[in-house]
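# Structural features, examined
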Number of protein chains: 2
Amino acid sequence: MFKPAGVHTLIRQTHEDRVLRVLREHGALTRGEIASRVGLSRTTLSEITSVLLERGAIKIANTDADARAGRGRPAERLVLDPGAGQFMGVDFGHRRVRVAVSDAAHEIIASGAEFYGADSSWPERLDSCFRLIERIGAESDVHYGALQGIGIGFPGPHSPRMPKSTPLPGSQTFRPAGDLVYGSFLEKFGVPVIIDNNTRFAGLAEAIWGSGAGARNLLYVRLSDGIGGGLVVGGQLVTGASGFAGEFGHVSVSPNGIQCRCGKRGCLETIASVPAIFASCTAKGVPISSFDDLRAAVAKSDPIVTSVLREVGDALGRVIGSVAVALNPGEIVIGGEVVQIAEVIFEQAVATIAYELLPVPEAAPRIRLAQLGDDDGALGAIAALFHQSPLLASYPETKHDESQQSPMQRSIS
Amino acid sequence: MFKPAGVHTLIRQTHEDRVLRVLREHGALTRGEIASRVGLSRTTLSEITSVLLERGAIKIANTDADARAGRGRPAERLVLDPGAGQFMGVDFGHRRVRVAVSDAAHEIIASGAEFYGADSSWPERLDSCFRLIERIGAESDVHYGALQGIGIGFPGPHSPRMPKSTPLPGSQTFRPAGDLVYGSFLEKFGVPVIIDNNTRFAGLAEAIWGSGAGARNLLYVRLSDGIGGGLVVGGQLVTGASGFAGEFGHVSVSPNGIQCRCGKRGCLETIASVPAIFASCTAKGVPISSFDDLRAAVAKSDPIVTSVLREVGDALGRVIGSVAVALNPGEIVIGGEVVQIAEVIFEQAVATIAYELLPVPEAAPRIRLAQLGDDDGALGAIAALFHQSPLLASYPETKHDESQQSPMQRSIS
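Residues numbered from 1 in each chain as written. Chains lettered and ligands numbered in written order. Predicted model: local features only at pLDDT ≥ 70, side-chain atom pairs only at ≥ 80, totals over all residues. Heavy atoms only, no water.

The name recorded for chain A in an unreviewed UniProt entry is ROK family transcriptional regulator, from Cryobacterium tagatosivorans. Regarding chain A, the relevant UniProt record gives this comment under Sequence similarities (unreviewed entry): "Belongs to the ROK (NagC/XylR) family." (UniProt positions renumbered as here; feature names shortened; annotations may be inferred.)

In structure tokens form, the structure reads like this:
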């Protein structure tokens, strides 16, 4: 009653991973040497190496003619392509696209951003993105010859299993654009493409690159125009059953509160989103309409603003605290420019979370500010690609299988 | 920066799984036939079959002497042990222990319960349990000859990584008992033993056996003396960073509410646990001290009791709704005898959850009553063992590696 999905694909990928790992560790090897090291039959091994050769992940270095001094036909020795295993992360925001590219060793080898108008069309954004990819490739001498996958982050809920148009009320839907972007990247690069929510990707990036040794259980919340988040549970990025996981902004805080765009009252977003914070300060007599205004008010410790910010931190802490009691994360990360400006939000949230949590020292998570910058979404998209390896934590809901049927194109055409 | 843990163990297990699967599908095969079917070298395959033979998972059926008619030495043909892959689930409750045993096809082949006094010692409980195992084995002609693992459920938070004594305030700690029980089972059976919270196991069982096709994202809450729960996220049972995941009873509902044993005020447990429900009815003038009292009050639709039960359902729905907004489960399951007796709790919880959720049809989970009976914890323990296979969803925090170093004993000594 418990059937693993795609066992054969998984096993093939496992074999490929092992072959690549052996080549990474040992350098050039003949097929026979590889087969004995990974414990595969020669037939299976040959199938795998031809796929890897065709894909450009490995190449023929030379033969072992010198070593065997004339006995029989020389065997070819295979090596990793020097740039084997490039992974590209793309983050489409409202006003810019960001791209980062990592090599097989998970080092970032190229990155950059390109800005566009908030009202620009998706074909325009795509053009900007492809120009950016070409530019940073030229600058960093990266030719995308060993690109193995592309992760793309968008605003809004997302799951590959989601039907076409399921925006939150009041939100723009990005799925049709997602389909366009997905198809364009697939056509241009011919490698697997995965798409997910960009805030969720940012949460994954914080779990992997923002937390020292890496966090297997992390709760990430970002205060911005809206409030989004991401959950990493048992090393997996959580999508939810239908792509809506991490929507902390719509957890109720105040049952008789302000009407939210979602239809409920008193959602966290009506208290702690950036527009809500500005509106609340303004309504209480301290007009604030920009981060500069807020920065100035914080600098002089305006008591009205401080009290608004404490309420924001408290509401945030109550929502995070409730979810943390249920999930027992090892780490809680709070992000968003407003939290960098107004530290009192973070301070109050920490205090409220501490009250809400189980009073057991072992259950207490580390609570910290987000560490990564504007490239967090792009980095998280790369991390999600790494997760596709079946030997790493799984990241099951991808379009990987679909895209494998597409033609292989390995350079920017 | 992203190192998979225990890759070699994982690969060995993957190979074992594939060999067992091929034998399950094809019946008796020679080593050569297995090797070609799974794509492994003869050397690797022989190593794997000797381990499986030693463990009793497979056995030698006959040779291929007939087929090859005298050409060369006959090759042995291997088959699955008829009872290969027995898995035992044990659930120690306050007043009884329950055991269920499944075969390799995941069918339950033996089960039963043994009662003990709530004040009996752990050595006494262990004796009861071992007697029970012997009795149901004899009744069902199950000799535990192919036992591959034992899952044991306890009340209270649990994680193999947890320090020794971390009870919730007001709770008994079960960890020292857990160590005793773990050691006793390991010594007696010599197979991998995993231990976890029994309510969490019940949640996993509901996800796998209570939901038709199986739920990959499920939120389970049980109202009892306390309130516990379990979360399945992306097919994984969630333990949390330190073993406290699923403690829905201590999510705050009413900031100015009743003092909870955990030190906070207005936790869900102060409103919706069975003792809290009885106390609330009694305080409002309808003395209730047993399920029979409650059943009688429900039968005559007592308005005071109904109003208490609606408050219970509402508090429950608010907690579940908040967590569900964050996690986007596909299924929500509410369990506990009190919910079976007082359906209005469930009705009100469903209504409140519907309000709390994102108003997007695609995000709406199925909400249902628990389907399984008192053996849910034992069944979930078995399910957790199945999860140990690397090709199924992972269940990483186990003592599997430790126990593999123990001597192999395959029958009750």
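The next subject is helix 2 (residues 31-38) of chain A. Residue and element names in this part refer to chain A. Within helix 2, burial applies to R31, I34, A35 and V38. In an axial view of helix 2, the angular spread of the buried residues amounts to 100°, which keeps them on one side of the axis. Note on helix 2: the residue one or two positions beyond its end, G39, has a positive phi of about 75°. (Buried < 20%, exposed > 50% of the residue type's maximum accessible area, 1.4 Å probe, protein only. Helix = DSSP H or I, 4+ residues; strand = E, 2+ residues; numbered from the N terminus. Arc of directions from axis to C-beta.)

It is worth spelling out the environment of A146 of chain A at this point. With respect to the secondary-structure elements, A146 of chain A resides in the loop between helix 5 (122-140) and strand 7 (147-154). A146 of chain A sits in the buried class, given a relative accessible area of 5%.

Under the criterion given, the structure shown has 38 salt bridges over all chains. Notably, a salt bridge pairs E139 of chain A with R135 of chain A, separated by 3.2 Å at the nearest N-O pair. Within this pair, E139 of chain A and its partner R135 of chain A are both found in helix 5, separated by four residues, close to a single helical turn. Of the charged contacts, one joins E311 of chain B and K284 of chain B as a salt bridge, the two residues approaching to 3.7 Å between their closest N and O atoms. Highlighted residues: E311 of chain B in helix 11 (residues 303-327) and K284 of chain B in the loop between helix 9 (274-283) and helix 10 (291-299), separated in sequence by 27 residues. Salt bridges sharing common partners tie together D91, R96, R98 and D374 of chain A. (Salt bridge = Lys/Arg side-chain N within 4 Å of Asp/Glu carboxyl O.)

Here we come to the sheet that holds strand 12 (residues 331-335) of chain B. All names here are of chain B. Read across the open sheet, the five strands follow the order 11-10-9-12-13; overall the sheet is mixed. Each having just a single partner strand, strand 11 (236-237) and strand 13 (366-369) make up the two edges of the open sheet. The pairing of strand 10 (residues 227-233) with strand 11 spans two bridges and is classified as antiparallel. Across the sheet, residue V233 finds its bridge partner in strand 11, namely Q236. Contacts between helix 11 and the sheet are confined to strand 9 (218-223), strand 10 and strand 12, with strand 9 contributing the most and set at about 155° to the helix. (Pairing = 2+ DSSP bridges. Contact = heavy atoms within 4.5 Å. Axes fitted to C-alpha atoms, helices over the stretch in contact; angles between N-to-C directions.)

Time to look at unusual backbone geometry. Here D141 of chain A, not a glycine, exhibits a phi torsion of approximately 60°, which is positive. Considering the arrangement of structural elements, one finds D141 of chain A in the loop between helix 5 and strand 7. With phi around 50°, N328 of chain B is a residue other than glycine that occupies positive phi space. You can call N328 of chain B buried: its relative accessible area is 3%.

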